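Coordinate analysis (summary)
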Amino acid sequence: MATPTTESAAAHDEHAHGSHGPKWLQHHFDMPVQQFEAAKLGMWAFLAQEILFFSGLFVAYAVIRQQYPEAFAAGSHQLDKIMGGINTIVLLFSSLTAALSVRSAQLGKKNEVNLYLGITILCAFGFLIIKYFEYSTKIEHGLLPGQYWHPHMEHGHALFPAHTHVFFGVYFMLTGLHGLHVAIGIGILAWIMWRNNRGEFSKDYWTPVDLAALYWHLVDLIWIYLFPLLYLI
Amino acid sequence: MTAQAGATHPTSHDHAHDDADYLRATRGFRSWAMTLDHKRIGIMYLVAVLTAFLAGGIFALIVRTELLWPGRTIVDPDTYNKAFTLHGAIMVFLFIIPSIPAALGNFFLPLMLGAKDVAFPRLNLASFYIYVFGAIFALFSIVTSAVDTGWTFYTPYSTQTGTAVIAMTLGAFILGFSSILTGVNFIATVHKLRAPGLHWKRLPLFVWSIYATSVIQVLATPVLAITLLLLIMERALTLGIFDPRLGGDPVLFQHFFWFYSHPAVYIMILPGMAVVSELIATFSRRKIFGYMFVAMSSVALALLAFLVWAHHMFVAGMSEYAVMVFSGLTFLVAIPSAVKVFNWVATLYKGSVSFESPMLYGLAFIVLFTVGGLTGLPLATIVTDVHLHDTYYVVAHFHYVMVGGTVFGFIGGLHYWWPKMTGKLYNERLAQIAFALVFTGFNVTFFTQFLLGSHGMPRRYYDYLDQYQPLHGFSSFGSYILGVGFVIMLWMFVQSLMRGAKSPPNPWGSAAFEWQTSSPPIAHNFHETPIVTRGPYDYHLATEEELYTGFPEDRVERVTAKTEKEEG
Ligand code: HEM
Ligand SMILES: [Cu+2]
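Summarised in this report is the structure supplied together with it. (Residues numbered from 1 in each chain as written. Chains lettered and ligands numbered in written order. Predicted model: local features only at pLDDT ≥ 70, side-chain atom pairs only at ≥ 80, totals over all residues. Heavy atoms only, no water.)

**Concerning the overall build of chain B**
Assigned secondary structure in chain B consists of 20 helices and zero strands. Its C-alpha atoms give chain B a radius of gyration of 24 Å, near enough to 24 Å, the size a compact globule of 568 residues would have. Across its three principal directions, the C-alpha atoms of chain B cover 75 × 45 × 45 Å. Pairs at least 24 residues apart make up 81% of the contacts formed inside chain B by residues separated by at least 6 positions. For chain B, the exposed surface amounts to about 20,000 Å²; the carbon and sulfur share of it is 70%. (Helix = DSSP H or I, 4+ residues; strand = E, 2+ residues; numbered from the N terminus. Rg over C-alpha atoms; globule rule 2.2 N^0.38 Å. Contact = heavy atoms within 4.5 Å. Areas by Shrake-Rupley, 256 points an atom, 1.4 Å probe, with all protein chains shown as cover.)

**Observations concerning the coordination of the iron atom of ligand 1**
Ideal geometry at a metal centre gives angles of 109.5 degrees when four donors are arranged tetrahedrally and 90 or 180 degrees when six donors are arranged octahedrally. Residues and elements named next belong to chain B. Distances from the iron atom of ligand 1 to its protein donors, His-87 (NE2) and His-399 (NE2), fall within 2.0 to 2.1 Å. In this structure, the iron atom of ligand 1 is coordinated by six donor atoms arranged in octahedral fashion, with angles at the metal of 85 to 179 degrees. Separated by 312 residues along the polypeptide, His-87 in helix H4 (residues 77-113) and His-399 in helix H16 (residues 392-422) bring together distant segments of the chain. Classification of His-399 as buried rests on a relative accessible area of 11%. (Donors = N, O, S within 2.8 Å, 3.2 Å for Na, K, Ca; no water. Tetrahedral: all angles 85-135°; square planar, octahedral: opposite > 155°, others 65-115°. Buried < 20%, exposed > 50% of the residue type's maximum accessible area, 1.4 Å probe, protein only.)

**Re the site of ligand 1**
Residue and element names in this part refer to chain B. Near ligand 1, the surroundings consist of 24 residues, among which His-87, Ile-96, His-399, Arg-459 and Arg-460 are the closest. In the environment of ligand 1, a nitrogen atom lies 2.8 Å from a nitrogen or oxygen atom belonging to the side chain of His-87. Here an oxygen atom of ligand 1 and a side-chain polar atom of Arg-459 are 2.6 Å apart. Of all the secondary-structure elements, those providing two or more residues to the shell around ligand 1 are helix H3 (38-66), H4, H16 and helix H18 (469-499). (Near = heavy atom within 4 Å. Polar contact = N/O pair within 3.5 Å; in protein donor to acceptor, adjacent residues only side chain to side chain.)

**Here's the deal with the coordination of the copper ion (ligand 2)**
Residues and elements named next belong to chain B. Of the protein atoms, only His-262 (ND1), His-311 (NE2) and His-312 (NE2) coordinate the copper ion (ligand 2), at distances of 1.7 to 2.0 Å. Along the chain, the residues donating to the copper ion (ligand 2) fall in the pattern H-x48-H-H. Since its relative accessible area comes to 14%, His-311 is described here as buried. Judged by its relative accessible area of 22%, His-312 falls in the partly exposed class.

**A few points about helix H5 (residues 110-140) of chain A**
Helix length check: H5(A), at 31 residues, gives a terminal C-alpha distance of 45 Å against a target of 45 Å (1.5 Å per residue), a fit within 8%. Looking one or two residues past H5(A), A:Gly142 carries a phi angle of roughly 70 degrees, positive in sign. (Expected span 1.5 Å × (residues − 1).)

**What about the nonpolar core?**
By size, the foremost hydrophobic cluster in this structure holds 247 residues, and its most contacted members are B:Phe93, B:Phe206, B:Ile241, B:Trp417 and B:Met421. Here the element with the most residues in this core is H4(B); it accounts for 23 residues. (Core = buried A, V, L, I, M, F, W, Y, C linked by side-chain atoms within 4.5 Å.)

**Things to note about the pattern of salt bridges**
Applying the stated criterion across every chain, the model contains 10 salt bridges over all chains. The partner of B:Lys192 in a salt bridge is A:Glu37, and the shortest N-O contact between them spans 3.2 Å. With one member in each of two chains, B:Lys192 in helix H7 (residues 165-192) and A:Glu37 in helix H2 (residues 32-67) form a pair that bridges those chains. One salt bridge in this structure joins A:Glu200 and A:Arg195, with 2.7 Å as the shortest N-O distance. Given a relative accessible area of 26%, A:Glu200 falls into the partly exposed group. Linked by salt bridges that have partners in common, A:Arg195, A:Arg198 and A:Glu200 make up one network. (Salt bridge = Lys/Arg side-chain N within 4 Å of Asp/Glu carboxyl O.)

Next comes the structure, spelled out in structure tokens:
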């Protein structure tokens with residue numbers, strides 16, 4: 001390991017105060033590409049963590065569904081496929097606009113970035129609003145987990161199979177946690193938009209836009225699994 | 001190859017702040033609380049985990065004192081349950097998991113990579129505050145009603161007990177976040193911030209192990225997070241996923257819990273092994289025998305860690321085929337573990353070994369970890385496990401691994417790197433006395449528990465038959481010796497801080513990279529990105545200057561004599 005012994009004062013000066021690189025290049029990186037790759041790798045590791053976080057719930061889903069298949073079928077029939085379907089489309093579309101915002105950032109088109117991020121955020125709100133309506137119907141009908149389970153159907157439907165409330169436990173956990181991720185996504189995207197407005201990004205530096213979009217794709221991806229598993233079985 | 005910059009740097013130029021060591025670079029509370037310097041963050045973690053260790057230790061002594069005699073000794077059964085739960089939970093979540101990676105890893109990983117910092121310094125600081133935040137929740141649970149479930153939080157009891165389960169599990173959930181973010185940070189750092197010339201085959205073994213640990217942290221911790229979240233929701237909303245009264249499956253909770261907590265024991269032990277590899281190399285002045293095997297065995301352990309979780313559940317009602325598969329897989333873990341031990345021993349053999357205090361802990365690690373590992377085999381064997389499950393035998397086994405392994409590794413590393421971190425030397429004689437007490441106390445405490453357990457004493461019991469009293473008494477006596485040892489060690493470190501002699505940059509004559517900068521390191525670690533031209537243990541390639549910079553007299557003589565003997 002060689003650290004130079006006799007570096008000149010001038011060289012040192014340059015390192016300390018001089019032209020280290022563009023101002024978005026943090027001092028502990030030598031090159032922009034290194035900073036970009038580190039950020040990207042960190043994000044992927046974080047997303048792997050997110051997937052494992054949800055995987056616990058998917059395993060719980062599988063185990064409980066295998067134990068109470070009728071309850072799962074009955075519970076699933078209470079979900080609103082139309083609303084769920086619309087939400088799927090909303091999220092898919094927002095993933096597209098998120099990807100477009102990255103492209104615009106790479107081209108250095110600041111206003112377009114704003115536009116696409118704005119649409120993505122609107123879609124996210126749309127998703128949550130639809131979810132809100134779905135949730136309130138479930139709550140009205142007493143389709144809730146555990147001790148809150150008091151189904152009262154207007155049309156006098158047949159009784160639910162035993163343990164249908166567990167389905168709703170799983171349903172609320174999965175969609176609730178996913179909804180939380182959507183809400184966090186809104187925060188992240190809004191923050192990126194704010195930074196974009198301040199002119200922090202350019203043709204040369206768009207890493208944060210890229211990472212935020214990656215996160216958003218993951219949120220979308222998880223929903224793509226949730227929708228068939230919960231609504232379509 | 002030249003000597004490092006810090007010690008011999010010309011003083012002629014004017015901006016001194018660049019040269020100031022990290023402890024003195026800036027001053028004041030704010031400069032620490034808001035620091036982005038990985039070294040300062042490492043020190044803050046160090047203080048935090050040592051505080052946790054002290055708290056956990058006090059609860060341990062309460063438990064041991066209560067068990068001195070059958071019946072009531074000092075506390076009532078409720079308090080006893082809370083004391084062992086808090087002891088376990090604090091030791092696992094607040095102390096042992098962050099100890100080596102977050103404290104020593106934060107400090108030394110970038111130094112060993114020749115980097116100026118970790119990849120994401122702000123995230124690093126955030127992880128620390130998340131840790132503190134989680135600790136506050138745990139503390140909150142203690143001051144409200146504590147928790148009496150054991151650190152495993154098994155359902156259905158944990159969904160029913162009236163104690164502060166939510167506060168404690170929320171605390172553990174938050175601590176998990178901190179652990180994940182540290183892992184993410186380290187993975188990116190190891191991949192992207194290595195100095196030129198530092199390819200994977202030249203990485204210090206410490207880095208390899210911390211890297212493998214980070215992978216486990218990122219992949220296993222989220223499963224614990226979701227499990228604890230489900231438990232919280234189970235209590236709050238009665239989900240019915242784990243609670244059998246509602247149709248849930250309590251064994252599912254155990255699967256989830258151990259899917260994290262078994263890998264977690266590798267989050268604990270791999271960093272211990274990381275430290276020991278460095279100690280063995282430095283104090284036998286030799287390249288680690290089978291370097292690549294040792295590095296790869298860390299990776300193998302990290303992967304195997306995910307496949308064996310259900311060996312904690314042989315008697316929990318799994319199918320017998322599952323039991324057989326998990327038993328078989330568990331034995332596989334012995335292979336990479338043995339690779340490590342054999343390679344360390346092979347390094348010592350023919351090395352010129354010196355027995356300074358860090359090395360004593362390193363050697364103790366090998367002995368105790370071997371005992372801990374071998375006593376794991378009867379637990380992996382189904383027939384014997386049925387007898388030993390949930391007895392003191394298990395308690396002894398995991399203390400040999402966790403304390404004899406990780407804690408000894410941590411303390412050894414603390415001794416070893418103390419001069420680098422603080423710039424001060426400590427009293428070697430006191431250190432050796434403390435070591436003798438800790439080592440003796442540890443064995444008296446926990447070897448006894450192997451006997452207790454195989455005679456049938458169940459763990460976590462408040463009361464016991466008279467026939468167990470002698471062994472219990474002996475074990476408690478050992479824990480007091482252990483306690484005294486730790487107090488002396490603490491005193492020794494405090495003394496070193498207050499009036500320890502100034503340390504030279506490389507007091508052990510190590511060829512490893514982190515010793516090539518000044519002690520304590522300058523704020524930016526290196527004046528310029530170093531170029532690496534040899535491996536960390538290539539003593540034959542290291543120059544005299546590198547090894548001897550600023551050696552205190554007696555050590556120079558000793559090491560020179562040793563090298564001459566080797567060559568002659
Ligand atoms: C200072 C010396 C120590 C003593 C005297 C001690 C003693 C004990 C005792 C008596 C128990 C209760 C056994 C039981 O639960 O059945 C226990 C449990 C435990 N200890 Fe220690 N211990 C010590 C250090 C440590 C350290 C350093 C760690 C971790 C790094 C640790 C981790 C644990 C864990 C995880 C449990 C299980 C708690 C539970 O079952 O809920 N201990 N210890
Ligand atoms: Cu295990």
